[in-house]
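Chain residues, written in single-letter form:
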Amino acid sequence: MIKVVALDADDTLWHSESRFQDTQARLSEILDSHAPHDHVQAHLHELEARNIKLFGFGIKGFTLSMIEAAIEISQGGITAAEIHEIVMMGKAMLDGPMELLDGVGDTLAALALDFPLIMITKGDHMDQYNKIEKSGLAGHFKQIEVVMNKDAAAYGEIFSRHDIDPGEVVMVGNSIPSDILPILELGGHGVYIPYHVTASFERHETEPDSPRYRRLTRIQELPALLKAI
Ligand SMILES: [Mg+2]
């Protein structure tokens, strides 16, 4: 029996990763004379994975990783003007328009009539709260939680703080490792709605084999699925 609906935000409610991919593509162009594009992407991903422990998830850390990659790939040859452009790219990402995924507003309004909704999103606090405000969706949510990392311990802490039984929760999101595996581990339900691009550190080879796991193609299918569970 589902009593609480928890939702991821980035690439579940609004577009996020596509903006990272566009910016990475521009970084490859800036470094065109130093390395092939696939080398730039691979080196950036390696640095991001290493830096997440220090910077956390988010655009500020991503921008620093881009600068580090540019200096290393160019062997110190990157110009101040090019570093300035990278910083401006990061600022444009932070300051950019918010674009909701199709059907999100109507679906959340419908779900909120039947369930308390909790947003559980990870990343830089200021960036996440700016996006939440721009989205205009906050009013649908009973709770909004911004966490550093999405693992079973982080979810367990949220549910126990709100006196929620994880077995009565469905978590909806676009990442198998961050949104689905932890809730299945806690005995709850996971609904995976893939986004068309996935960040390197959110990729997962296989889908979970569990009766509490479901996969949808779009969020508009969620109310009918929850009635069926
Ligand atoms: Mg997400």
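Residues numbered from 1 in each chain as written. Predicted model: local features only at pLDDT ≥ 70, side-chain atom pairs only at ≥ 80, totals over all residues. Heavy atoms only, no water.

### Details of the coordination of the magnesium ion
- Of the protein atoms, only Asp 8 (OD), Asp 10 (O) and Asn 174 (OD1) coordinate the magnesium ion, at distances of 2.1 to 2.2 Å.
- Between the donor residues of the magnesium ion, the gaps in sequence give the motif D-x1-D-x163-N. Pair noted here: Asp 10 is in the loop between strand E1 (4–7) and helix H1 (17–30) and Asn 174 is in the loop between strand E4 (169–173) and helix H8 (176–185), with a separation of 164 residues, a long-range link. (Donors = N, O, S within 2.8 Å, 3.2 Å for Na, K, Ca; no water. Helix = DSSP H or I, 4+ residues; strand = E, 2+ residues; numbered from the N terminus.)

### Looking at the sheet that holds strand E2 (residues 117–122)
- A sheet is described by the order of its strands in space; here six strands give the open sequence E3-E2-E1-E4-E5-E6, paired in parallel fashion. On the outer flanks of this sheet lie strand E3 (143–147) and strand E6 (213–215), each paired with one strand and no other. Recorded for the sheet is a direction-independent mean angle of 20° between the axes of neighbouring strands.
- Strand direction decides the pairing type here: E1 and E4, joined by four bridges, are parallel. Directly across from Val 4, in E4, lies its bridge partner Val 169.
- The strands touched by helix H6 (residues 125–135) within the sheet are E2 and E3, with E3 carrying the most contacts at an inclination of about 150°. (Pairing = 2+ DSSP bridges. Axes fitted to C-alpha atoms, helices over the stretch in contact; angles between N-to-C directions. Contact = heavy atoms within 4.5 Å.)

### Topic: the domain arrangement of the protein chain
- Here the protein chain is partitioned into domain 1 (4–15 + 98–228) and domain 2 (17–95).
- A separation of 28 Å is found between the C-alpha centroids of domain 1 and domain 2.
- Three residues, Asp 124, Asp 127 and Phe 201, lead the burial of domain 1 against domain 2; their summed loss comes to 32% of the area buried on that side.
- Taken together, the connections running from domain 1 to domain 2 amount to one salt bridge.
- Between Lys 60 and Asp 124 there is a salt bridge, with its nearest N and O atoms 3.6 Å apart.
- On inspection of domain 1 and its partner domain 2, the count reaches three residue pairs in polar contact (both at pLDDT 80 or more). (Domains from an automatic or database assignment. Buried area = accessible area lost by both parts, 1.4 Å probe. Salt bridge = Lys/Arg side-chain N within 4 Å of Asp/Glu carboxyl O. Polar contact = N/O pair within 3.5 Å; in protein donor to acceptor, adjacent residues only side chain to side chain.)

### Examining the packing of H1 against helix H2 (residues 37–55)
- Axis separation between H1 and H2 bottoms out at 9 Å; the angle between their running directions is 120°. It follows from the interaxial angle that H1 and H2 lie oblique. In this structure, H1 meets H2 at a crossing whose hand is right-handed. Facing Gln 24, Ala 25, Leu 27, Ser 28 and Glu 29 of H1, the residues of H2 in contact are His 37, Val 40, Gln 41, Leu 44, His 45 and Glu 48. (Parallel < 35°, antiparallel > 145°, perpendicular 65-115°, else oblique. Left-handed = near helix turned anticlockwise from the far one by under 90°.)

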